[in-house]
Each structure stands twice: as C-alpha cells, then as structure tokens.
Amino acid sequence: DSGVTQTPKHLITATGQRVTLRCSPRSGDLSVYWYQQSLDQGLQFLIQYYNGEERAKGNILERFSAQQFPDLHSELNLSSLELGDSALYFCASSPRGQAGRDTIYFGEGSWLTVV
Amino acid sequence: AQRVTQPEKLLSVFKGAPVELKCNYSYSGSPELFWYVQYSRQRLQLLLRHISRESIKGFTADLNKGETSFHLKKPFAQEEDSAMYYCALFSVLQGAQKLVFGQGTRLTINP
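Residues numbered from 1 in each chain as written. Chains lettered and ligands numbered in written order. Predicted model: local features only at pLDDT ≥ 70, side-chain atom pairs only at ≥ 80, totals over all residues. Heavy atoms only, no water.

**Describing the confidence of the model for chain B**
To keep it simple, the criterion reads: Confidence of the predictor in every single residue is expressed as pLDDT, which spans 0 to 100. Numbering goes from the N terminus for both helices and strands, where a helix is a DSSP run of H or I of at least four residues and a strand is a run of E of at least two.
Overall, the predicted model of chain B reaches an average pLDDT of 90, with 96% of residues at or above 70. Highest mean pLDDT in chain B belongs to strand β3 (residues 19-21) of chain B (97); lowest belongs to strand β10 (residues 96-101) of chain B (79).

Have a look at this one:
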C-alpha cells in the first residue's frame, strides 16, 4: 500500500454533469500530482500542486480544475463532462515535489465513466 | 518538446525468453528516465530509474543518449512479469517540473 488514497474508486455520471475526485497524499508528502489514463491517450499529466500552490500544469482542460488544501489533500473537479472524459484518474504524491528526484507514489485511481 | 515513445502497445513472449521493452525519448536537456510498472489490479509503481543504475526484479535499463533510448531488458522472462510498463521522462520546462509518460506497453509472458 503506497499510502495514497483516492475516492471514489468508481463513478458513473451523465454528460454535462460535474464530479469531484478526492486524493489524500502519503503522510508527510507535500506534493500531489494528477494524471489521466485513457485507452487512446495513455497516461497524461494534468497538474501538480506543492504545499497548496500550483507548481506545474500539463494537458488539463479548462473544464477541469484542481486545488490542494491546507491539510494537503487535493481535489480534481471535472465539469461539463463529455463521453471522452471517461478514464482512470490517478493521484500521486511525493515528498518534495521534485518529480525527477523524489519517488512518486500512485494511488489506485478513480474510474470515471460518463454515459 | 519533451516526448516519450513506446512503439509497442503489446508485447508477448514465452517464459524464459529474453524481453526488451523499447522506449525512446525526445528532450533538449539532460534526461532523467524511469520505468514504472502496473501489475493487474495494482497501482502504478516505480520499477527503476536510470540514475540508480540498478537491477530490479532482474530488469535493467541503460540510457543511450546517442540513440535517445532507455530500453528495459530482462534476460529470462517470468510469468509474474506480465504487466503494463510505462517509460517516463523527468522534464523541466519554464521552471515547471513534471514526469512525462509514454503510452505504455502491455507485456504478456506466456507459460
């Protein structure tokens, strides 16, 4: 168990709706990363937070937003959902937010199905 | 632009045979590369990183800057090696650090 916890594990929702995915990093880790894994796009980096502040941004759509709270947990908000947003969303954490030097620990992911 | 390419989506070999999962990268700076593995029903986890020059579970990977490659190799495949493998590149762009992943290769070891 890597210690990174994601909820919910599975979620089915309709197009146009909004969902929130939650992530609790490993104890002591200051940085949180969000990734989207889909069949056709592979594993895509979305966004990274370090100690509450956005550190790096990847291929994150404007309909998506994220934040990291003072207790270091993070939420990924997905709005105006489309069928193509169906994917596995991973959260990961690391101690110092240095993706090349820290070991990054992944959660089990949240399966989102948009119908 | 930084990019990681894993040309094989699927790779199937027999138990005991050698395995090579290909990874090529594109990056203007000095690359730092990793292999991550995802076993069935488990989370993604780090397998090895090139700066450690280590062998994990019999796997090794050598960075070849001339060929911009970081292929993952194992001389004798085992059934428990069946998994999804991702090559990843650590990149720094305009001060932003991130891991860029390849598309992944699903490795199946046949008995």
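From this point, things continue past the structure.
**Quick word on the layout of surface pockets**
To keep things clear, this is the line we draw: Cavities and pockets were defined on a 1 Å grid built over protein atoms only: a cavity is a set of grid points that admits a 1.4 Å probe from which the probe cannot escape, a pocket is an open set flanked by protein on both sides within 12 Å along at least five of seven lines, and lining residues are those with an atom within 4 Å of any such point. Grid points are joined across faces, edges and corners, and a volume is the space filled by probe spheres set on the points. Under the convention adopted here, Pro, Cys and the residues Ala, Val, Leu, Ile, Met, Phe, Trp and Tyr are nonpolar, Asp, Glu, Lys and Arg are charged, and Gly plus all remaining residues are polar.
Volume-wise, the largest pocket comes out at about 820 Å³. Lining the largest pocket are 28 residues, with Gln37, Leu88 and Trp111 of chain A together with Gln38 and Arg106 of chain B positioned closest to its centre. Broken down by secondary-structure element, the contributors of at least two residues to the lining of the largest pocket are β4 (31-38) and β9 (87-94) of chain A together with β9 (83-93) of chain B. Taken together, the residues of the lining of the largest pocket sort by class into 10 nonpolar, 12 polar and 6 charged. Size it by volume and the second largest pocket reaches roughly 230 Å³. In terms of lining, the second largest pocket is formed by 14 residues, of which the most central are Gln36, Ser38, Gln41, Gly84 and Asp85 of chain A.

**Concerning the environment of glycine 16 of chain A**
Residue and element names in this part refer to chain A. Convention followed: We call two residues contacting when some pair of their heavy atoms lies within 4.5 Å.
With respect to the helices, strands and loops of the structure, glycine 16 is situated in the loop between β2 (10-13) and β3 (19-24). Spatially, the C-alpha atoms of glycine 16 and valine 115 are 9.8 Å apart, while their sequence positions differ by 99 residues. The contacts of glycine 16, once residues within four sequence positions are left out, are Ser80 and Leu81.

**Quick look at the nonpolar core**
The following threshold applies: Definition of nonpolar core: a set of buried residues of the types Ala, Val, Leu, Ile, Met, Phe, Trp, Tyr and Cys, connected through side-chain atoms within 4.5 Å. Each residue is placed in one exposure class: buried if its accessible area under a 1.4 Å probe, protein chains only, is under 20% of its type's maximum, exposed if it is over 50%, and partly exposed if it falls in between.
Of all hydrophobic cores here, the largest spans 25 residues; its most connected members are Trp35, Leu72 and Tyr85 of chain B. Residue assignment for this core shows that the elements contributing at least two residues are β2 (10-14), β3, β5 (32-38), β6 (45-49), β9 and β11 (105-110) of chain B. No other element matches the 4 residues that β9 of chain B contributes to this core. When near neighbours in sequence (up to four residues on either side) are disregarded, tyrosine 85 of chain B contacts Gln6, Leu21, Trp35, Tyr36, Val37, Leu47, Phe59, Leu72, Gly104, Thr105 and Leu107 of chain B. Grouped together as the second largest cluster of nonpolar side chains are 20 residues, Cys23, Val32, Ala87 and Val114 of chain A included.

**As for the state of the cysteines**
To be explicit about the condition: The disulfide criterion is simple: two cysteine sulfur atoms within 2.5 Å.
What the rule picks out here adds up to 2 disulfides over all chains. Between cysteine 23 of chain A and cysteine 91 of chain A runs a disulfide, and the two sulfur atoms are separated by 1.8 Å. An S-S torsion of about -60 degrees defines the bridge between cysteine 23 of chain A and cysteine 91 of chain A as left-handed. Taken together, the residues cysteine 23 of chain A in strand β3 and cysteine 91 of chain A in strand β9 connect sequence positions 68 residues apart. Owing to a relative accessible area of 0%, cysteine 23 of chain A belongs among the buried residues under this scheme. What makes cysteine 91 of chain A buried here is its relative accessible area of 0%. For cysteine 23 of chain B, the disulfide goes to cysteine 87 of chain B, at an S-S distance of 2.0 Å. Where cysteine 23 of chain B bonds to cysteine 87 of chain B through sulfur, the torsion about that S-S bond is close to -65 degrees, and the disulfide is left-handed. Here cysteine 23 of chain B, found in the loop between β3 and β4 (24-26), pairs with cysteine 87 of chain B, found in strand β9; they are 64 residues apart in sequence, far enough to count as distant. Judged by relative accessible area, cysteine 87 of chain B falls into the buried class, the value being 0%.

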